[in-house]
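Analysis of the macromolecular model
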Amino acid sequence: MTPTGPTLGIDLGGAKQPTTGYAVLSGKGRPKVNEVGLLPATKSPAKAEQRLFELIERVKPSLVQIHAPRPLPACLSVPPSALGPRPARCDPPAATRSV
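The rules behind the values
Per chain, the residues get numbers from 1 upward, laid out in the order the sequence is written. pLDDT decides what is reported in this predicted model: residues at 70 or higher carry local features, side-chain atom pairs at 80 or more are listed and counted, and totals for whole chains, interfaces and linings draw on all residues regardless. Calculation of side-chain values draws on the structure's entire complement of heavy atoms; hydrogens and water are dropped beforehand. Secondary structure follows DSSP: runs of H or I at least 4 residues long count as helices, runs of E at least 2 residues long count as strands, and numbering of each begins at the N terminus. Buried residues are those whose accessible area, probed at 1.4 Å on protein chains only, stays under 20% of the maximum for their type, while exposed residues exceed 50% and partly exposed ones sit between those limits. Two N or O atoms form a polar contact when they lie within 3.5 Å of each other; inside protein one atom must be a possible hydrogen donor and the other a possible acceptor, and for residues adjacent in sequence the pair counts only when both atoms belong to side chains. Throughout this description, the term nonpolar core refers to a set of buried Ala, Val, Leu, Ile, Met, Phe, Trp, Tyr and Cys residues connected via side-chain atoms within 4.5 Å. Any pair of residues with heavy atoms lying within 4.5 Å of one another is described as a contacting pair. Counted as salt bridges are all cases of a side-chain nitrogen of Lys or Arg within 4 Å of a carboxyl oxygen of Asp or Glu. On a scale of 0 to 100, pLDDT captures the predictor's confidence in every residue.

1. Regarding the side chain of T20
Following the sequence through the fold, T20 ends up in the loop between β1 (7-11) and β2 (21-26). Among the residues examined, T20 registers a relative accessible area of 9% and is labelled buried.

This is the structure we're talking about:
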C-alpha cells in the first residue's frame with residue numbers, strides 16, 4: 001500500500017519537557033520535508049497525548065511512524081559489579097521465550 005497523503009514521523013519524549021519532535025514528509029522516491037518541530041511541554045501526560053492527537057488531526061497523514069524509546073534494563077545501564085549475585089536480571093522473560 002502506497003500512502004497518498006503525508007507521512008508524519010513522531011519521536012516521543014517526555015510530557016513535561018519539550019522533547020517530542022515531529023516531521024511531516026510528502027512525495028515519492030525522495031520525500032520532501034514539509035515541516036519539523038517540537039511539541040510544547042505540558043503539565044500532564046493527558047495534555048501531551050491531546051497535543052499529539054491535535055497534530056495528527058491537523059496534518060491528516062496517511063501514515064504515522066512513531067519512535068518510542070524504552071528505558072534500558074538495569075543490566076545495560078549500570079556496571080555489572082553493581083548488579084550483585086543475580087545476573088539473571090539481565091535476561092528478561094520476553095528475550096528468552098520461544099515464539
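2. What about the side chain of T42?
Relative to the assigned elements, T42 resides in the loop between β3 (32-38) and α1 (45-59). Of the polar contacts made by the side chain of T42, one reaches the backbone oxygen of S44; its length is 3.0 Å.

3. Some details on the nonpolar core
With eight residues, the main nonpolar core is built from L8, I10, Y22, V24, L39, L52, L55 and V59. Residue contributions to this core peak at three residues, all from α1. Excluding its chain neighbours within four sequence positions, the residues that come into contact with I10 are T20, G21, Y22, L52, V64, Q65, I66 and H67.

4. Remarks on the pattern of salt bridges
Taken as a whole and judged by the stated rule, the model has two salt bridges. Note that R58 is salt-bridged to E35, the shortest N-O span being 2.8 Å. Of this pair, R58 sits in helix α1 while E35 sits in strand β3, and the two are 23 residues apart along the sequence. Between K60 and E57 there is a salt bridge, and its shortest N-O distance comes to 2.9 Å. Note on accessibility: K60 and E57 belong to one class, exposed.

5. Focus: the confidence of the model for the protein
Per-residue confidence for the protein gives a mean pLDDT of 77; residues scoring 70 or more make up 62%. Confidence drops under a pLDDT of 50 for residues 94-99, and excluding neighbours within four residues, the segment shows one contact in the predicted structure.

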